[in-house]
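Residue-level structural notes
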Amino acid sequence: IDFKQNALALVGSLASPMTLDLDAGRIQLAALKGDMRVSGPKIPNKSVKLTLDSSLNLDWNLQKADARINAKLDDSNIKTRVAVNSFDAPVIDFDFEADQLDLDRYHSTPLPEKKTAPSGAVPSGASSGGASSGSAESAPQEDPIQLDALQSFDARGDIKIGNLGVAGLQAQSFNMRVALADGRLNLNPMNARFYGGTLAGNIAVDSHRNAYTIVQNMSGINVGPLLRDLADKDLLEGRGDVSLDVKTVGTTPTALKRALDGNGKLLLKDGALKGVNLAQLFRKAKAAFGSRSAAEEIAQGGEQTDFSDLTASFTLRDGVAHNEDLLMRSPFLRVTGAGDIDIGHSRMDYVAKVSIVDTSTGQGGKDLEKLRGLTAPVHISGPLDALKYRLDAGALAKDALTRELEKRLGGSESTTETAPSGDKKPKRSEKLLRELFKK
């Protein structure tokens, strides 16, 4: 074979002994071997090399075919068994096994080169705050996801891959059962070793509606490398468990993100919130006591807040993840919070309540002794690539002043007490404060 058309070239050779029985409608290629190379500017990596050692049997009277293929695709060693029944409406039974396979290498449109910026770094031409002002014309054009081919045949089989690369993600010992019928694809079960832990779950695709259902349980994984590979974001470090149960529908990647519905949970140990040092933010707030301004900084690479454990659950509606039960603990901090992460528009609007609980350990805790026991809200907002952390120094000062006055006036954190009649009335400290402010 020596074929060239424009910039596309196919060069190679195929050979096999052949048995042909026209009366019976059978053909057999008992030892089909060959080498081929396809090259061209539109070919992934400009060139693909394939070596074959296989056999093929075809019976067109009975509309059946089967093949056993041993192949080397670039650096991947592949073994496949395929059986086809009914050529008009094919039903395919197969097994596929490979020692390694990087599907991104053969993506028709190469994935963009990852240039992970420090968490919070503002991309060139982007604003660090406010909603995006870009017009629809300036948004990158997306090719529609075509699923019609899933309606033209049925299939069932098993896939096993030693090292798998897909959509920027990496997995080892990947195993998956495939079932396709009437345009509905089920990948169940799906198991792998995944980012230092394990993955178990399933995916369902309905080609008639361009709808997807994803259920995944990840145990003992390292979330930092996962986030960097999946979303090119350096936001979080830690090891633990992540569970997802989501649905979506759409014909482009952006539409799929903006239609996400479902829920999830997160439990991490010994990690860090990247891009901000809350201890440093508290120091700025401490210095700002007496002013009405808030301590604010844009998330920067190198800054982080360590934690011993972090738990959170969330619900997804129309591409927005909403959380109300964040709990993050470190030797000197306690953080609770609630808010939204808009996945479809890559933005966050979240309020975390940060408390100093121990100043003897942790990230420079000793110089925050006067803030021990106090709580202040930190507003986290903006694009995920340029998050702003704004600590309300006024609220922190108010909390400190209230506690100090209550302590000196003999009050307590409660501002009411119960009268003999059962009615609530202000504490003595609150009465004195009211009289003071009247004056």
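Rules used throughout
- Residues numbered from 1 in each chain as written.
- Predicted model: local features only at pLDDT ≥ 70, side-chain atom pairs only at ≥ 80, totals over all residues.
- Heavy atoms only, no water.
- Helix = DSSP H or I, 4+ residues; strand = E, 2+ residues; numbered from the N terminus.
- Buried < 20%, exposed > 50% of the residue type's maximum accessible area, 1.4 Å probe, protein only.
- Contact = heavy atoms within 4.5 Å.
- Areas by Shrake-Rupley, 256 points an atom, 1.4 Å probe, with all protein chains shown as cover.
- Pairing = 2+ DSSP bridges.
- pLDDT = per-residue confidence, 0-100.
- Phe/Tyr/Trp six-rings, centres within 6.5 Å; stacked < 30°, edge-to-face > 60°.

When helices and strands are tallied, the chain shows 5 helices and 24 strands. Counting every position in the chain, which comprises 439 residues, the buried fraction comes to 34%. Excluding contacts between residues fewer than 6 apart, the proportion of contacts in the chain whose partners are at least 24 apart in sequence is 50%. As displayed, the chain offers around 24900 Å² of accessible surface, 54% of which is attributable to carbon and sulfur atoms.

Geometrically, the link from Asn188 to Pro189 is a cis peptide bond, its omega value of 5 degrees lying close to zero. Mapping Pro189 onto the fold places it in strand 11 (residues 184-194). In this model, Gln63 sits at a positive phi of 55 degrees, which is unusual for a non-glycine residue. Looking at the element boundaries, Gln63 is found in the loop between strand 5 (47-59) and strand 6 (64-73). Given the relative accessible area of 25%, Gln63 is considered partly exposed. Located in the positive-phi region is Ser86, a residue other than glycine, with phi close to 70 degrees.

What follows deals with the environment of Ser13. On the secondary structure map, Ser13 appears in strand 2 (residues 8-15). Judged by its relative accessible area of 42%, Ser13 falls in the partly exposed class.

Before going further, it helps to examine the pairing of strand 10 (residues 169-181). Pairing between strand 9 (residues 154-166) and strand 10: 11 bridges, direction antiparallel. By the bridge assignment for strand 10, Asp158 is matched with Arg177. Between strand 9 and strand 10, which pair antiparallel in sequence order, lie 2 residues; one of them, Ala167, sits at a positive phi of approximately 55 degrees. As paired elements, strand 10 and strand 11 share 7 bridges and run antiparallel to each other. Bridge pairing links Gln172 to Arg193 in strand 11. Once strand 10 ends, the chain turns through 2 residues before running back antiparallel as strand 11, passing Asp182 with a positive phi of about 55 degrees.

With respect to the helices and strands, Arg258 occurs in helix 2 (residues 253-258). A sequence separation of 60 residues divides Arg258 from Asp318, and the C-alpha atoms of the two residues are 5.5 Å apart. When sequence neighbours within four positions are dropped, the list of residues in contact with Arg258 reads Asp318, Gly319, Gly344 and His345.

What follows deals with the confidence of the model for the chain. When the pLDDT values of the chain are averaged, the result is 83; 77% of them are 70 or greater. Below pLDDT 50 for its whole length, residues 115-138 participates in 34 contacts with residues either more than four positions away or in separate chains.

Now for the packing of aromatic side chains. By the definition in use, this model includes 1 aromatic pair. Summarising the aromatic geometry, the rings of Phe194 and Tyr195 are spaced 4.9 Å apart at their centres and angled 85 degrees between planes, so their arrangement reads as edge-to-face. Across this residue pair, the class does not change: Phe194 and Tyr195 are buried.

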